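# Architecture and fold: a report
What follows is the residue order along each chain.
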Amino acid sequence: MFIDSHCHINFPELAVRMPEILAKMAENGVTHALCVSVDLPDFPQVLALAEQYPHIFASVGVHPDYEDTPEPTVQQLVELSKHPKIVAIGETGLDYYRLEGDLEWQRERFRTHIRASRETRKPLIIHTRAASDDTIRIMKEEGAGTEAGGVAGVMHCFTESLAVAQAAMEQGFYISFSGIVTFKSAKELQEVARAVPLERMLIETDSPYLAPVPFRGRMNEPGYVAHVGEYIATLKGVSLREVAARTSENFFNLFQSARA
């Protein structure tokens, strides 16, 4: 079985196709998916999907790209995460690629999520783009890692260097690879995927974005995570069964409340 550890099936372009999306998951052996929150106004839609479908889980958080949106507080995130289908805090993190100027608000938002994770004991889903130094620094300062009393989490849709992956793994984090790893241009990322041990790896779609080869350029969906798994198996020279089993086990080891 495969698990899509990060998707946005509440987004309108996927939500209107939900029966088809679920059927394609089943067809491809994708048994579970984590629908990830990006802001508080749309959080009820994320939660509704998790409540409706036993094999769909959810997170609560505000994405670093969302500038003009209600700012979460630690207490809000703590309260919203009490629902049994909420298995993680995020996605959160830093993104200096799309936004410019004084981004201290992004760093403060990130700190808020880490503090909520520590209080709730639910893992973090971290997004980092063009901001890896500050991301790792704030993770350490706020004690996101397991050795610092946090519960760690996952570096989702990973596109950074092996050094960044190692710094995150040292704090107890998993590294998640999306369809990007299948792109011909992603040679450096493929080397990172070869080096990251299977026991620290997750796979995801980040759908509706970043469809893997052979679907690149189309709308992505959770069923396609199997193709990410197939590519990882070939890249690492291991069986597809091993990749599927290990990444699924990792998912439940990280998001422990999803076992219930």
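Calculation notes
- Residues numbered from 1 in each chain as written.
- Predicted model: local features only at pLDDT ≥ 70, side-chain atom pairs only at ≥ 80, totals over all residues.
- Heavy atoms only, no water.
- Salt bridge = Lys/Arg side-chain N within 4 Å of Asp/Glu carboxyl O.
- Helix = DSSP H or I, 4+ residues; strand = E, 2+ residues; numbered from the N terminus.
- Buried < 20%, exposed > 50% of the residue type's maximum accessible area, 1.4 Å probe, protein only.
- 1 Å grid on protein atoms, 1.4 Å probe; cavity = no way out; pocket = protein on both sides within 12 Å on 5 of 7 lines; lining within 4 Å.
- Points joined across faces, edges and corners; volume = space filled by probe spheres on them.
- Nonpolar A, V, L, I, M, F, W, Y, C, P; charged D, E, K, R; others polar.
- UniProt positions renumbered as here; feature names shortened; annotations may be inferred.
- Contact = heavy atoms within 4.5 Å.
- Polar contact = N/O pair within 3.5 Å; in protein donor to acceptor, adjacent residues only side chain to side chain.
- Axes fitted to C-alpha atoms, helices over the stretch in contact; angles between N-to-C directions.
- Parallel < 35°, antiparallel > 145°, perpendicular 65-115°, else oblique.
- Phe/Tyr/Trp six-rings, centres within 6.5 Å; stacked < 30°, edge-to-face > 60°.
- Lys NZ or Arg CZ within 6 Å of the ring centre and 35° of its normal.

The name given to the protein in an unreviewed UniProt entry is TatD DNase family protein, with Massilia yuzhufengensis as the source organism.

## So, the pattern of salt bridges
Where charged atoms from two side chains of opposite charge approach closely, those side chains can pair. Per the stated rule, a full pass over the model turns up 15 salt bridges. Of the charged contacts in the structure, one is a salt bridge between Asp65 and Arg98, with a shortest N-O distance of 2.6 Å. One end of the pair, Asp65, is in the loop between strand 3 (56-60) and helix 4 (74-80); the other, Arg98, is in the loop between strand 4 (86-95) and helix 5 (104-120), with 33 residues separating them in the sequence. Taking the relative accessible area as the measure of exposure, Asp65 reaches 19% and is therefore buried. Salt-bridge contacts for Asp95 lead to Arg98; the nearest nitrogen and oxygen are separated by 3.4 Å. Each member of the salt-bridge network shares a partner with another, and the members are Glu104, Arg107, Glu108, Arg111, Arg115, Asp134, Arg137, Glu141 and Glu142.

## Notes on the layout of surface pockets
Of the volumes computed, that of the largest pocket is approximately 450 Å³. Looking at the largest pocket, it is lined by 19 residues, and the ones nearest its centre are Arg98, His127, Arg129, Asp206 and Leu210. Where the lining of the largest pocket is concerned, the elements lending two or more residues are strand 4 and strand 5 (124-129). The biggest single contributor to the lining of the largest pocket is strand 5, with 3 residues. Its residues assigned to classes, the lining of the largest pocket shows 7 nonpolar, 6 polar and 6 charged. Here the second largest pocket is characterised by a volume of approximately 190 Å³. For the lining of the second largest pocket, the per-class residue count stands at 6 nonpolar, 5 polar and 3 charged.

## Observations regarding the UniProt feature "binding site: a divalent metal cation 1" (unreviewed entry) in the protein
Within this structure's numbering, the places UniProt gives as "binding site: a divalent metal cation 1" (unreviewed entry) are His6, His8, Glu91 and Asp206. Of the residues just listed, which span 201 residues, no C-alpha pair is farther apart than 11.2 Å, and they cluster in one region. Of the residues named above, His6 line the largest cavity. As for its placement among the helices and strands, His6 is situated in strand 1 (residues 2-7). The topology assignment puts His8 in the loop between strand 1 and helix 1 (12-15). What His8 contacts, discounting residues up to four positions off in sequence, is Leu14, Cys35, Val36, Val38, Glu91, Asp206, Ser207 and Pro208. Only 3.4 Å separates the side chain of His8 from the side chain of Glu91, close enough to count as a polar contact.

## Observations regarding empty space enclosed by the protein
Applying the stated criterion to the full structure yields 1 cavity of 30 Å³ or more. Its volume calculated, the largest cavity comes out at about 30 Å³. Taken together, Ser5, His6, Leu34, Ile125, Val154, His156, Ser176, Leu202, Glu204 and Phe255 make up the lining of the largest cavity.

## Overview of the packing of helix 8 (residues 187-195) against helix 9 (residues 225-236)
Where helix 8 meets helix 9, the axes come as close as 9 Å, and the angle between the chain directions of the two elements is 75 degrees. Relative to helix 9, helix 8 is oriented roughly perpendicular. Residues Gln190, Ala193, Arg194 and Ala195 of helix 8 pack against Tyr231, Ile232, Leu235 and Lys236 of helix 9. Grouping the constituent residues of the contact of helix 8 with helix 9 by class yields 5 nonpolar, 1 polar and 2 charged.

## Side note on the packing of aromatic side chains
Applying the stated criterion across every chain yields a total of 5 aromatic pairs. Ring centres of Phe215 and Tyr224 lie 4.0 Å apart, and the angle between their planes is 5 degrees; on these two criteria the pair is classed as stacked. Here Tyr224 falls in the buried class, since its relative accessible area comes to 8%. Pairing Phe251 with Phe255 gives two aromatic rings, centres 4.9 Å apart and planes at 55 degrees, and the pair type is tilted. Among the aromatic residues, those joined into a cluster by ring pairs are Phe251, Phe252 and Phe255. Note that Lys85 overlies the ring of Phe57, its terminal NZ or CZ placed 5.1 Å from the centroid. Its end group placed over the ring of Tyr97, Arg129 keeps NZ or CZ at 3.5 Å from the ring centre.

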